[in-house]
Each structure stands twice: as structure tokens, then as C-alpha cells.
Amino acid sequence: MDEQRGPGVGPPERWRRGGPPRWWRYGPPGWSRRAAGRGDGTRWPWRSTVLLTAFVLIGSGFADHAQAGERVALDPLGRVLLFLSGAVLLWRWRHPVAVLWGTVAAVLLYLGAGYPYGPVLLTVAVAGFAAVVSGRRYAAWAAMGTLWAGHLLTVHVLYRWLPPSGDDAAPWTEEIVVATWVVALLAVSELARVRREQWARERAERARAERRRADEERLRIARELHDVLAHSISVINVQAGVGLALLDSDREQARTALTTIKAKSKEALGEVRQVLDTLRAPGAAPRTPAPGLDRLPELVEQAASAGLTVTVEGGPPRLSPGTDLAAFRIVQEALTNVVRHSGSREARVHIERRDGRLRLLVDDDGPATGADAGGTGNGLAGMRERAAALGGTIEAGTRPDGGFRVLADLPIDTEEDDR
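Residues numbered from 1 in each chain as written. Predicted model: local features only at pLDDT ≥ 70, side-chain atom pairs only at ≥ 80, totals over all residues. Heavy atoms only, no water.

**Some thoughts on the overall build of the protein chain**
Stage number 1. In terms of regular secondary structure, the protein chain is built from 13 helices and five strands.
Stage number 2. Residues counted as buried form 40% of the 419 residues belonging to the protein chain. (Helix = DSSP H or I, 4+ residues; strand = E, 2+ residues; numbered from the N terminus. Buried < 20%, exposed > 50% of the residue type's maximum accessible area, 1.4 Å probe, protein only.)

Structure follows, in C-alpha cells:
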């Protein structure tokens, strides 16, 4: 549950469990805001843009001094091109393609004007990286290819008419270096894009898993509360009616009914408290064992106190805790429905193991009473959910002779079967 808390709530237990912190587990800070290839609409990369622009301007100044006499000296136009190639990177996450083509155009103008080589190419590298990571792969490849072709055209064809005067064609080894630089940049960008998409998939899968676990837990708690309360309140209702009817004529029988009401209400409160304790302390071991088919005699006795005679045929095999609980709740709900919705005061429970499956059969002879006879509400839905969670099935409906039948088919998962 700690993972659902907001930042700063409770002790940072995930740091003590080992492994990277959550902000790094699915990518560096800020990358989640660019999952769609753009910013989140509120933050701009001001800091990196300012630092990069300053680095390009200062570094190009040093390059100007180092290449004096070889290249054209920096003038206001050259400095404007340097500034624009860096400043436009402020929009690189919002409009990556336009920014990349803008930096490529500025750099080609800068190099075509004969200005000194320097860190200006870094602006194209950053823009190309942002475009590839944002998913604009083909546009990035086209822009980088245009940059390399433009540089090739400038230093091998147009150099005769471009400044500086008297310049010679660049050696082809320089072009190999430029091509290698472009390919390496694209490769690193592709790796970053793949990794970021992997982080996005992991985040989405983790969110789906958390929602699925929350839904399953919610349904489990709803089933437990319904099964506990429906059965107990049904018995209490019947016993309350008996007590009221016999209060004047048979005080001893009325006392017995009130004693049953007290016992059932205490039991229901205990089971509800156990469910609520699980909510307050997730993952804690339950204080009492979960009920199973070994408590079937107790269930028969409770049904008898409500005026229902239950005959049990067969004995339960050894079951896993989950299957045992589901089987008990299914029988409990089926008997509760007989008490509430059937005119019959007799029911039969048949337990059978067949082909590695547990078959539970609960029959009554009817007739049905009430608009929702047979348990067509939350009770039947809860039984079906319990069976489906284990890979089993529930069949419920009226019999040809007018009675009602609940048939549960559950897989048996015992310790003996696993060996």
C-alpha cells in the first residue's frame, strides 16, 4: 500500500527494501513527462538550453581565436546564427522536427559562411537526439542526412565560391569522420528511444497490475462481507420472528431464539472485524483461520436453528485454503438462499470428488417464494466469482420438479496432488 501514497507520506520503506528508488526505476527524472514525445505543457528546458547556448557562444569564441587566418572571423551575423541554433532548442520537446530542421539550417548557413568550426555542431546533436527519442525517427534521419550532404556539398563543390577565399577542398577522411559522428549520434538516440519506450510500457503495465489487484481485493472483500452478513442476518431474522411469535406462549423457546440471535450476531461481528483488520493492516496474517468445509457441521447446526433440516452426503477431501474457503462460502450462501427464498424446510448437500474436481450439490424441494427466489442477486454473483477465480464453475437454477439446485465444480489443489 505504500506505493499508492503520495510523495512525502510515511517512511520511505521502498528505500530500505533495496533496489533503485521509484523515480529512477522507470527512467530518469522528467522522462515520464515526455512519454508522448513532448513536454507536459508546463515545464520548459530553460536551464539546459541556456547552458548549451552559452557553451556554444563561448566555445566558438575560443575556436575563432584558434582558427584565425584559416576561417572567417566571427561577426554579428555569425554570433546571431550561433545564438539562434542554441536558443531554438527551448522548443525541442514540443516541436522536435521543426527545431531539428531549424538547427540544421542555422549550422549549414554558419559553415557555408566560412565561420570557424566549433561546438555549434552540438546543437544539431541535441536536436537530433530529442527528435529520435520523441519518435520522429525518419524526420531525424532525413535532417541528419541533409546536414551531412550539405557539408559534403560545401567543402567539395561550393568551396570555390564560398568564404574564406583561397580555401581548398576538405580531405575525404574528414567526411568519413562526419558520417561516423552522424551514425553514432543516431545509434545512441535510437537506444535511448527504445529504452524510454520500455520504461513507458513498464509503467503502464505496473499501473494496470495495481488497478487489477485493487479490483480483485475490492471484489474479495465485498464477497466476504456479503457472505458473512447475509447468512448471519438471515438466521437472526428467522430467530427474531420465532422469538416474537413465542414470546407470550413459550418463553423458554423464545429465550433459545434470543440466545441464537446473540451468538450469531457475535460471530458476524467477529468475522466482519477480521475483514476490517485486513484492510487496516494489509499483508498481516489473519488472527483466526479462514473457515472451510470442516465447519460444515456447524453450518448445518446454524441452519437447523433457523428451521432448516440439512442432510449432508459425502465428506470433503483435503483442499488448499483458497478452495476450502470458496467451497464453504458457496454452501453457506446456497443454504442461506434456501432459508430466505424457499418454502421447503429441507435441503441436501452432496460432496463428491470426481476426476480431480470437487463437486458440491445443494438441493431443496421448493417451492420458491419472493421475487428474488433462488438467490439471483449479489449472492449468486459472489458464488460465481469465487468459482471463476479458482477455475471452476457454478450452475444454479430451478429443477423440473420445482425445487432449486446449486451445482459447484471446483478444481482440487491439495498438497498430495502437488507431489
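On we go from here.
**Points about the environment of Trp-181**
Stage number 1. Following the sequence through the fold, Trp-181 ends up in helix H8 (residues 172-246).
Stage number 2. Put simply, Trp-181 and Ala-125 are 56 residues apart on the chain and 9.4 Å apart in space, counted from C-alpha to C-alpha.
Stage number 3. Among residues more than four places away in sequence, those in contact with Trp-181 are Leu-121, Ala-125, Met-144 and Leu-147. (Contact = heavy atoms within 4.5 Å.)

**Let's talk about a nonpolar patch on the surface**
Stage number 1. Among the surface-exposed residues, Trp-44, Trp-46, Val-50 and Trp-91 lie close enough to one another that they form a single nonpolar patch of about 440 Å² accessible area.
Stage number 2. Tracing the backbone shows Trp-91 in the loop between helix H4 (76-87) and helix H5 (96-112). (Patch = residues over 30% accessible without salt bridge, like charges linked within 9 Å, V, L, I, M, F, W, Y side chains within 5 Å. Areas by Shrake-Rupley, 256 points an atom, 1.4 Å probe, with all protein chains shown as cover. Salt bridge = Lys/Arg side-chain N within 4 Å of Asp/Glu carboxyl O.)

**Examining the sheet that holds strand S5 (residues 404-411)**
Stage number 1. Within the open sheet, the five strands sit side by side as S1-S2-S3-S5-S4. Their pairing is mixed. Of all the strands in the sheet, just strand S1 (309-313) and strand S4 (393-398) have a single pairing partner and so form its edges. On average, each strand axis in the sheet is inclined to that of its neighbour by 10 degrees, with strand direction left out of account.
Stage number 2. Judged from the eight bridges that link them, strand S3 (residues 357-364) and S5 form a sheet pairing that is antiparallel. Paired with Leu-361 across the two strands is Leu-407, which belongs to S5. (Pairing = 2+ DSSP bridges. Axes fitted to C-alpha atoms, helices over the stretch in contact; angles between N-to-C directions.)

**What about the side chain of Ser-60?**
Stage number 1. Inspection of the secondary structure puts Ser-60 in helix H3 (residues 46-66).
Stage number 2. With relative accessibility at 1%, the residue Ser-60 sits in the buried group.
Stage number 3. Residues in contact with Ser-60, not counting those within four places in the same chain, are Phe-55, Leu-74, Leu-82, Tyr-110 and Pro-119.

**Some points on the packing of aromatic side chains**
Stage number 1. All chains considered together, the criterion is met by three aromatic pairs.
Stage number 2. Geometrically, the ring pair formed by Trp-44 and Trp-91 is edge-to-face, given 6.0 Å between the ring centres and 85 degrees between the ring planes. Here Trp-91 lies in the loop between H4 and H5 and Trp-44 lies in the loop between helix H2 (22-25) and H3, a separation of 47 residues in the sequence.
Stage number 3. For Trp-44, a relative accessible area of 34% translates into the label partly exposed.
Stage number 4. On the basis of an interplanar angle of 90 degrees and a centroid distance of 5.3 Å, the ring pair of Tyr-138 and Trp-141 is categorised as edge-to-face. Pair noted here: Tyr-138 and Trp-141 are both in helix H7 (residues 137-156), with a separation of three residues, about one helical turn.
Stage number 5. Given the relative accessible area of 62%, Tyr-138 is considered exposed.
Stage number 6. The class for Trp-141 is partly exposed, based on a relative accessible area of 34%.
Stage number 7. For Arg-94, the ring lying beneath its charged end belongs to Trp-44, and the centroid distance is 3.9 Å. (Phe/Tyr/Trp six-rings, centres within 6.5 Å; stacked < 30°, edge-to-face > 60°. Lys NZ or Arg CZ within 6 Å of the ring centre and 35° of its normal.)

**Regarding unusual backbone geometry**
Stage number 1. Residues other than glycine seldom take positive phi values, yet Asp-355 does so here, at roughly 55 degrees.
Stage number 2. Within the element layout of this structure, Asp-355 appears in the loop between strand S2 (346-354) and S3.
Stage number 3. With a relative accessible area of 75%, Asp-355 lands in the exposed category.

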